[in-house]
Amino acid sequence: MNEKDKIGHLIRFGLSLKKIQFEEISKWADFQIERGKNDNLYLDLSFAKSINEVIDLLNKEIRWNFRSPEVNDLILAYYNESLKCDKSNWRKIQKELMDFYNYFEFEDANEMIENFIYFLFDDYHLRNEGLEPTLNMPNFLIKNLSNFNKYQELLKLLDRNRINGFEIK
């Protein structure tokens, strides 16, 4: 996956998960134009007026691969790092991971991912119904996210493209 596609995916997820602010998109597009990249996408994104318009423009240019390990590893690394910094955010992280996984077709995922997704959703719904959860949270999240250690790589990619996002507060 080239860098433009990777950034497009990160923008798509970042906007949906509120990890990238809308204003960052035109900054990125302007930076690409300044670097001499003659691509209509950047000009169009520079003047986009809404998140929906940004996503529509990206839909025309980027072939979505929501299962791309290159992108998923970066996003899951963000959640791993976020959880390491503040374990008390595990409920928010659980919900955001569920939102993230809603982009996938579960039946084609590998068994480890399928189990992780199933247990995330099951635990969440049991807790919300006031029933006994099946998982020991946040330990379940810590264990399942611990292999994703590319947060610095994510930050470097965003920095190289002059995009602020996926910061841990």
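In what follows, the structure referred to is the one given above.
Here the structure is a predicted model, which means the values were calculated and not measured. Starting from 1, residues in each chain are numbered consecutively following that chain's sequence as written. Local features in this predicted model are restricted to residues whose pLDDT is 70 or higher, and side-chain atom pairs enter the listing and the counts only when it is 80 or higher, whereas totals over whole chains, interfaces and linings include all residues. Just so you know, side-chain values use all the structure's heavy atoms and leave hydrogens and water out.

Enquirer: Report on unusual backbone geometry, specifying residues and quantitative values.
Expert: Cis peptide bonds are those with omega within 30 degrees of zero, and the linkage from Met-137 to Pro-138 qualifies with 0°. Mapping Pro-138 onto the fold places it in the loop between helix H7 (111-128) and helix H8 (139-145). Its identity is not glycine, yet Arg-162 carries a phi of approximately 55°, on the positive side. Mapped onto the secondary structure, Arg-162 falls in the segment after helix H9 (151-160). The residue Phe-166 is not glycine, and still its phi comes out positive at about 55°. Here a strand is any run of E in DSSP of at least two residues, a helix any run of H or I of at least four, and the numbering for each starts at the N terminus. Note that Phe-166 resides in the segment after H9.

Enquirer: Now, about the packing of helix H1 (residues 3-16) against helix H5 (residues 69-85): what can you tell me, with residues and values included?
Expert: Between the N-to-C directions of two axes lies an angle of 0 to 180 degrees, each axis being a line fitted to C-alpha atoms and, for a helix, fitted only over the stretch in contact. In the contact formed by H1 and H5, the axes pass within 10 Å of each other and the chain directions differ by 45°. One element, H1, and the other, H5, form an angle in the oblique class. The handedness of the crossing between H1 and H5 comes out as right-handed. Residue-level contacts link Lys-6, His-9, Leu-10 and Phe-13 of H1 to Glu-70, Val-71, Leu-74 and Ile-75 of H5. When the residues that make up the contact of H1 with H5 are grouped by side-chain class, the tally is five nonpolar, one polar and two charged. Working rule for angles: under 35 degrees goes down as roughly parallel, over 145 as roughly antiparallel, 65 to 115 as roughly perpendicular, anything else as oblique. For any helix crossing, the convention is left-handed if the near helix is rotated counterclockwise from the far helix by under a right angle, and right-handed if that rotation is clockwise. What makes two residues a contact is simply this: any of their non-hydrogen atoms within 4.5 Å. Ten residue types, Ala, Val, Leu, Ile, Met, Phe, Trp, Tyr, Cys and Pro, are classed as nonpolar, four, Asp, Glu, Lys and Arg, as charged, and the remainder, Gly among them, as polar.

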